[in-house]
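Spelled out, the chains give:
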Amino acid sequence: MDEHAWWPTGVAQLSIEEAYEDGELRTLFGRTNVWDYRPYLTPSTWREPPGTGIVWGEWVSEISTVEVLFIDERGIVLLLNNSYQVDIQPFAVGDDVSRLSRYEPWRKALNNQPLHLPIGGWNVDGNDRILIYHYHPIISAINNQDQVMEMVRGLGALHSSLATFETPNTERRWNERLKSIEDVLKTKTMWRAPHSSSTVGLPRLHLSLDRVVEIDGVKRFVPLSRPLAEHLLCQSDRLPSLASLMLLERQWAVSEVLEEHHRQSLLQAWSDSCPSTWSSPSALSTVRGGAWVWRYHATLLELAQATAFGDENAVTRCKAWLQDVSRLQAHLGTLRMWKSGQWIGVTSLLVAFFSSRMDALSSTQSLLLTVLGGVIIVASNAIYRFKDPKPY
């Protein structure tokens, strides 16, 4: 087990000990606070709750054993007394997880949904440091297609339960999010999308196909803290359910080569379990962003995280995927040209109307020009829709 797997070796500008001393992580991506979690690897530290910040929910104090289950780029996962799982987040990356339990309307909405919420924790300055869960063995669904589809349906159900808390399309912020990552990573790609009005923002859920538990025969996601790279590079935005789906798809693609039918099945499983407007033709239209712009977003986030943690294989994989973006955007540019044909048709209709009123054209000529304008409008829109790339 790599005890320093949580440390961003690819971008850190200080050693771990220097960061502990300063209380701050300085990286090529930006800065955030860091704290020394090591005392919590011994049972005695748990006897009293921390004296700073906010301790909420249940705090387990009668601890006799502390076992490190695993350490990864998301943090440190402990097992206390073989009864409690504890997620430790060494960096200040927000409180996206504890808010799901602490904010009562969200907690009630998520009740009986496939999500394993923490029962307590420790929060300092709006950042989760410790999250406590009832222990259930962590399993992975990533290598079984049926389980992947089950979890995707669960994702749709989770977001559907939060639909009453949706916020309107924040297209500008979503596009700025892409730009902020592109600028730092220097990807040589650029994508901005005019999202559909039915694409709405939702409370953030950071989920993984590798962090699943089974309780009473039901597989449930274990919510995760915001990835470090995303926290450093992006604002804390509400994103649509489709964005979360594409993050899971991207994760699945690491373990299996996905063909068109895989992506289609994934979208179908998700759309069957969420409001129909979220998967409407306009919401999934590639010209308006749809699934493909959120695949692009997921790849940028993976590239940022891989760069931060020095994962060269993942960096190579992401850059290879991004090379295809230019070809897709060239096709979308051609589509926009066809779309502009409708304005030629509208112009023809206006010319026909005013020419007829001014007796500049005969009635027959005006009628022919009107018909021509209508045909151009219909044909342009038909070609535009027919050539719109499939969302999968």
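Residues numbered from 1 in each chain as written. Predicted model: local features only at pLDDT ≥ 70, side-chain atom pairs only at ≥ 80, totals over all residues. Heavy atoms only, no water.

Details of the overall build of the protein
Now for step 1: Along the protein, the regular secondary structure elements total 13 helices and 10 strands.
Now for step 2: Each principal axis of the C-alpha atoms in the protein carries an extent, and together these give about 95 × 45 × 40 Å.
Now for step 3: In the protein, which comprises 392 residues, the share counted as buried stands at 51%.
Now for step 4: The long-range share in the protein, meaning contacts at least 24 apart out of those at least 6 apart in sequence, stands at 71%.
Now for step 5: The positive charge centre, built from 37 side chains, and the negative charge centre, built from 43, are 9 Å apart in the protein. (Helix = DSSP H or I, 4+ residues; strand = E, 2+ residues; numbered from the N terminus. Buried < 20%, exposed > 50% of the residue type's maximum accessible area, 1.4 Å probe, protein only. Contact = heavy atoms within 4.5 Å. Lys, Arg positive; Asp, Glu negative; His and termini not counted. Charge placed at Lys NZ, Arg CZ, Asp CG, Glu CD.)

Details of the sheet that holds strand β4 (residues 66-72)
Now for step 1: With antiparallel pairing, the six strands of this open sheet are ordered in space as β3-β7-β8-β6-β5-β4. The open sheet is flanked by β3 (54-57) and β4, the only strands paired with a single partner. For this sheet, the mean angle separating the axes of adjacent strands, direction not counted, is 15°.
Now for step 2: Two elements, strand β7 (residues 120-124) and strand β8 (residues 127-134), share five bridges in a ladder whose sense is antiparallel. Pairing of Gly121 across the sheet is with Leu131, part of β8. (Pairing = 2+ DSSP bridges. Axes fitted to C-alpha atoms, helices over the stretch in contact; angles between N-to-C directions.)

What to know about the pairing of β8
Now for step 1: Counting buried positions along β8 yields six of eight residues, so the element is predominantly enclosed.
Now for step 2: Sheet topology places strand β6 (residues 84-88) next to β8; five bridges connect them, and they run antiparallel. Paired with Gln85 across the two strands is Tyr133, which belongs to β8.
Now for step 3: Counting the residues that bridge the hairpin from β7 to β8 gives two residues, and of these Asp125 lies at a positive phi of roughly 55°.

Remarks on helix α4 (residues 145-161)
Now for step 1: Taking 1.5 Å of rise per residue, the 17 residues of α4 would be expected to cover 24 Å, and the 24 Å separating its terminal C-alpha atoms lies within 8% of that figure.
Now for step 2: Inspection of α4 places Val148, Met149, Met151, Val152, Gly154, Leu155, Gly156, Leu158, His159 and Ser161 among the buried residues, and these make up the whole buried set.
Now for step 3: The secondary structure elements touched by the buried residues of α4 are α3 (104-109), β9 (212-215), β10 (218-221), α7 (241-255) and α8 (260-271).
Now for step 4: Two or three places before Asp146, at the opening of α4, Asn144 has a side-chain oxygen 3.0 Å from that residue's backbone nitrogen. (Expected span 1.5 Å × (residues − 1). Polar contact = N/O pair within 3.5 Å; in protein donor to acceptor, adjacent residues only side chain to side chain.)

Concerning the packing of aromatic side chains
Now for step 1: Under the criterion given, the structure shown has 15 aromatic pairs.
Now for step 2: Feature note: the residues Trp6, Trp7, Tyr20, Tyr37 and Phe91 constitute an aromatic cluster, connected by ring pairs.
Now for step 3: Seen from the ring of Trp122, Arg129 lies directly overhead, with NZ or CZ sitting 5.1 Å from the centre. (Phe/Tyr/Trp six-rings, centres within 6.5 Å; stacked < 30°, edge-to-face > 60°. Lys NZ or Arg CZ within 6 Å of the ring centre and 35° of its normal.)

A few points about a nonpolar patch on the surface
Now for step 1: Together, Leu350, Phe353, Phe354 and Met358 make up an exposed nonpolar region whose accessible area comes to about 450 Å².
Now for step 2: Topologically, Met358 is positioned in the loop between α12 (325-357) and α13 (363-387). (Patch = residues over 30% accessible without salt bridge, like charges linked within 9 Å, V, L, I, M, F, W, Y side chains within 5 Å. Areas by Shrake-Rupley, 256 points an atom, 1.4 Å probe, with all protein chains shown as cover. Salt bridge = Lys/Arg side-chain N within 4 Å of Asp/Glu carboxyl O.)

Here's the deal with the side chain of Thr27
Now for step 1: Structurally, the position occupied by Thr27 is in strand β1 (residues 24-27).
Now for step 2: A distance of 2.9 Å separates the side chain of Thr27 from the backbone nitrogen of Phe29, its partner in a polar contact.
Now for step 3: A distance of 2.8 Å separates the side chain of Thr27 from the backbone oxygen of Gly30, its partner in a polar contact.

Here's the deal with the environment of Asp183
Now for step 1: Counting through the fold element by element, Asp183 comes out in helix α5 (residues 171-185).
Now for step 2: On the basis of relative accessible area, Asp183 is assigned to the partly exposed category, the value being 42%.
Now for step 3: Each C-alpha atom, one on Asp183 and one on Thr277, is 33 Å from the other, the two residues being 94 residues apart in sequence.
Now for step 4: At 2.7 Å, the side chain of Asp183 forms a polar contact with the side chain of Lys179.

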